[in-house]
Amino acid sequence: MTDIRRTILWVVFSASLFLIWDAWNKHIGHPSFFAPAARPAATAPAAASGSAPLVPGGSASPVAAALPGATPPAPAASAAAAVAERVTVTTDLVKATLGARGGEVDRIEFLKQADAFDRTRNEVLFDESPIRYYVAQSGLIPTSGGTGLPNHHTVMTLQPGPRTLAPGAATLDVRFESPSVGGLKLVKTYTFRRASYVVGVKHEITNTSDVPVEPRLYLQLVRDGNAPPSVSGFLSSFAASTYTGPAIYSSDSKFQKVDFESIEKRRAEDKINHQVLARDGWVAMVQHYFASAWLIDPPGQAAATPREYFTGKGDTENPATGKPAHVYSVGMFVPVGTVAPGQTKAFDAQLFAGPQEEDKLSVLAPGLELVKDYGIFKILAEPLFSLLTLLHKVLGNWGWSIVGLVVLLKIAFYWLNAKAYGSMAKMKAINPKIMEMRERLKDKPQQMQQEMMRIYREEKVNPLGGCLPIVAQMPFFISLYWVLLSSVEMRNAPWIGWITDLSAKDPYFILPLLMTGTSLLQTWLNPTPPDPVQARMMWIMPLVFSVMFFVFPAGLVLYWLTNNILSIAQQYVINKRLGVT
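Cut-offs applied
Residues numbered from 1 in each chain as written. Predicted model: local features only at pLDDT ≥ 70, side-chain atom pairs only at ≥ 80, totals over all residues. Heavy atoms only, no water. Axes fitted to C-alpha atoms, helices over the stretch in contact; angles between N-to-C directions. Helix = DSSP H or I, 4+ residues; strand = E, 2+ residues; numbered from the N terminus. Parallel < 35°, antiparallel > 145°, perpendicular 65-115°, else oblique. Left-handed = near helix turned anticlockwise from the far one by under 90°. Contact = heavy atoms within 4.5 Å. Nonpolar A, V, L, I, M, F, W, Y, C, P; charged D, E, K, R; others polar. Phe/Tyr/Trp six-rings, centres within 6.5 Å; stacked < 30°, edge-to-face > 60°. Buried < 20%, exposed > 50% of the residue type's maximum accessible area, 1.4 Å probe, protein only. Lys NZ or Arg CZ within 6 Å of the ring centre and 35° of its normal. Pairing = 2+ DSSP bridges. Polar contact = N/O pair within 3.5 Å; in protein donor to acceptor, adjacent residues only side chain to side chain.

Where helix α6 (residues 378–395) contacts helix α7 (residues 398–412), the two axes come as close as 9 Å, and the packing angle between them is 125°. It follows from the interaxial angle that α6 and α7 lie oblique. In terms of crossing hand, the pair formed by α6 and α7 is right-handed. From α6, Leu 384, Leu 387, Leu 388, Thr 389, Leu 391, His 392 and Leu 395 reach across to α7, where they touch Trp 398, Trp 400, Ser 401, Ile 402, Gly 404, Leu 405, Leu 408 and Leu 409. Residue classes in the contact of α6 with α7 are distributed as 11 nonpolar, four polar and no charged.

Considering all chains together, one arrives at 16 aromatic pairs under this definition. Ring centres of Tyr 249 and Trp 282 lie 5.3 Å apart, and the angle between their planes is 10°; on these two criteria the pair is classed as stacked. Here Tyr 249, found in strand β12 (residues 245–250), pairs with Trp 282, found in strand β15 (residues 282–286); they are 33 residues apart in sequence, far enough to count as distant. Take Tyr 249: its relative accessible area is 10%, and that puts it in the buried class. Owing to a relative accessible area of 1%, Trp 282 belongs among the buried residues under this scheme. Ring centres 6.2 Å apart and planes at 55° place the aromatic pair Tyr 481 and Phe 552 in the tilted group. Remark: Phe 552 occurs in the loop between α13 (532–549) and α14 (554–577) and Tyr 481 occurs in helix α11 (residues 468–486); sequence separation between them is 71 residues. Of the two residues, Tyr 481 and Phe 552, neither departs from the other in class, the shared state being buried. Through successive ring pairs, a cluster of aromatic residues spans Tyr 481, Trp 482, Phe 549, Phe 552, Tyr 559 and Trp 560. Its end group placed over the ring of Phe 333, Arg 216 keeps NZ or CZ at 4.3 Å from the ring centre. Its guanidinium or amino end placed over the ring of Tyr 134, Arg 223 lies 5.0 Å from that ring's centre, counting from NZ or CZ.

This part covers the sheet that holds strand β9 (residues 184–193). With respect to topology, nine strands assemble into an open sheet ordered β7-β8-β9-β10-β19-β16-β15-β12-β13, the strand pairing being antiparallel. Two strands lie at the open edges of the sheet, namely β7 (157–158) and β13 (254–257), each paired on one side alone. Alignment of β12 against β13, held across four bridges, turns out to be antiparallel. The partner of Tyr 249 across the bridge, within β13, is Phe 255.

It is worth spelling out the side chain of Thr 91 at this point. Within the fold, Thr 91 resides in the loop between β1 (86–90) and β2 (94–99). The exposure class of Thr 91 is buried, given its relative accessible area of 8%. Sequence-distant contacts of Thr 91, that is, excluding residues within four places in its chain, are made with Leu 111, Leu 165 and Phe 192.

What follows covers the environment of Arg 119. Its location among the elements puts Arg 119 in the loop between β3 (105–114) and β4 (122–124). Spatially, the C-alpha atoms of Arg 119 and Asp 501 are 9.9 Å apart, while their sequence positions differ by 382 residues. Looking at Arg 119, its side chain comes within polar contact range of the side chain of Asn 492, at 3.3 Å.

Okay, the environment of Asp 506 next. Turning to its location among the elements, Asp 506 is positioned in the loop between α11 and α12 (510–525). You can call Asp 506 buried: its relative accessible area is 2%. Spatially, the C-alpha atoms of Asp 506 and Gly 555 are 9.0 Å apart, while their sequence positions differ by 49 residues. If we ignore the near neighbours within four places in the chain, the residues touching Asp 506 are Trp 498, Ile 499, Leu 511, Pro 512 and Ala 554. Of note is the side chain of Asp 506, whose polar atom sits 2.9 Å from the backbone nitrogen of Tyr 508. Within the local environment of Asp 506, its side chain forms a polar contact with the backbone nitrogen of Phe 509, the two atoms lying 3.2 Å apart.

Next up, the structure:
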C-alpha cells in the first residue's frame, strides 16, 4: 500500500514539473509538447468547398474560394488617400474604428473593460497594429467563384453622419457605399446600439447593370495566430490556457473548435475537418474572456438561410507595418439570390464583439454561450457557474461569492471529507509504531511489509482511505477552477482592500503567501509517511505548487485558500476528537 501511495505522489509531482517545463518552453518561444509549432505554409492548395485559399496580393479570404489564384480587383486611382480614411465611432460601451477599404471593422476598444496589464487603458479586441491583426470583413463574390464584385478590398465612400452615440439615442448608423464593381453596388450600414456589444450590419446590393447577377455574400473574421497578450508570459500562459481560435456552430454538428494547428494540417493534406454546409448556426473567433461572432439568424426565430462555412490561412498586408501578416480566417458564404437589373436586395447580419457574459450570449444565438471555454469539465462547470451567479445576486461581491461557493461545496462533501480526515488521523496515531517497526526490520523488507499490513489490519486503518474520498471530489474543484479561470465577470471585480481585480494576480502576494502557509500547515496535520523520501516529498510539493499561485489570478488563489482553511479546520477538529496531536 505504501508503494502505491508513493507511486501516486511521484506521478503527481512529475506531472507538475512537466507542465511547468512545458509552460517555460512556450514562454521562450519553443513549441509546446501539447501544441507543436505549426508547419510553414507552402503554396496554397487547390480550393475545396469550405476552404479559404490564399489570394495573391490580398488576404486569406473567400473571394477566390471557387477560383484559386484569382486576384482582387485593382483599386481606383484615388485609393491611396481613400484607404487611409478611417472613422471612429463611440458608444457607451465601445469605441470602434472602421476603414474605408471594404468598410471593415479593424479596431474595437471596450470602454468598461480595463487592459490586463495597464488598468489606465481599455481592453482592445479587434486591432490592426504592429503586434496584432484581428478584423471583421464582409463582401460579395460571384456564385461561380473568383472576384469582380465589391469585397473587402474595394475602396468605399464613407457617408456623413454622427460618430458619437448621443445622450438618449438608442442607435447610431455608419454608412459606406462602394462604387459599381462587376455590375453591383454594395451599401454597408453599421448600426451601433446602446448598452450592446452587438452591431447590426445591413448589406444592400443594387444591380447597376442590364443583366441579372447572382452574388454570394461572405462574412469572415480574420486574425493572426498569436495568443492574446493578457495570457502571455511564463506560468501566466499556463494558468490561462483557455482556447484561442476559430469556432463553428450548427444544430447538426453543435460546437466545433477549429484550432490554428488543424487549419495548418488541413492545408497540408487538403482536407476539411469541420462542417461545411448547414441550415443554421454561426462562426466565431474565441479567446480568453472575449469573443467575436457573425450571426445571421434573428434571435428566437427559426433559421431559413442556408450557409457554407469555411476556414483558411494565408498572408495579408498589415496596414500598421506595411508588411505581410500570417493570418487565419473563419467565415460563411450566404446566397443572396438573383438580383435583377435596377433591383436592390438587402441582407441583415449581426456582428458580436465583446466579453463572454454567459447569460447574455445565450439569448443572442443558440449555443453562443459555448464560446466560454470550460474544457472537459463543462458538465460540472456550468451548474457551478449558475450557483456562483446566484450567490453573487445575494452577496453582491464576486470575491465573497467564491468564498460562499467553496463553503457550500465543503458542506456538500462534509461526510466524505470526514471519512478521509478520520483515516489520516488514525494513520498519524499509529505512525510512531510504524516508524519503530521500519527501523527494527529495515534489513528485512519482505517481513517489514508483512508486519506493516498486520498493523493496518489490527488498527483497522486503510492507507488509501485518506486519498480516495479526496480524489472523488477533485472533478468538482477542478471544474470550479475552470469556472473562475474562464469567467469574464471576474475581470475588474474587487474583493476587499488591496484586491481590486479578481482576474489579476495579487499585487502584494498576500494571498499566495497565506496559501503557501496553509498548505504547509495541512502537510503538518497529515500523517508523516514512514519512507523518508516520501516524507520529504510531502513538504516539497506544497512549495512547488505555491510557485504557480504567485502568478495565478487572485480569484483562483482565494478559492484554494478558502478550501485550505476549511480543510484545516475540519481536519483539526477530527484530530482533536480522536486524540491525535
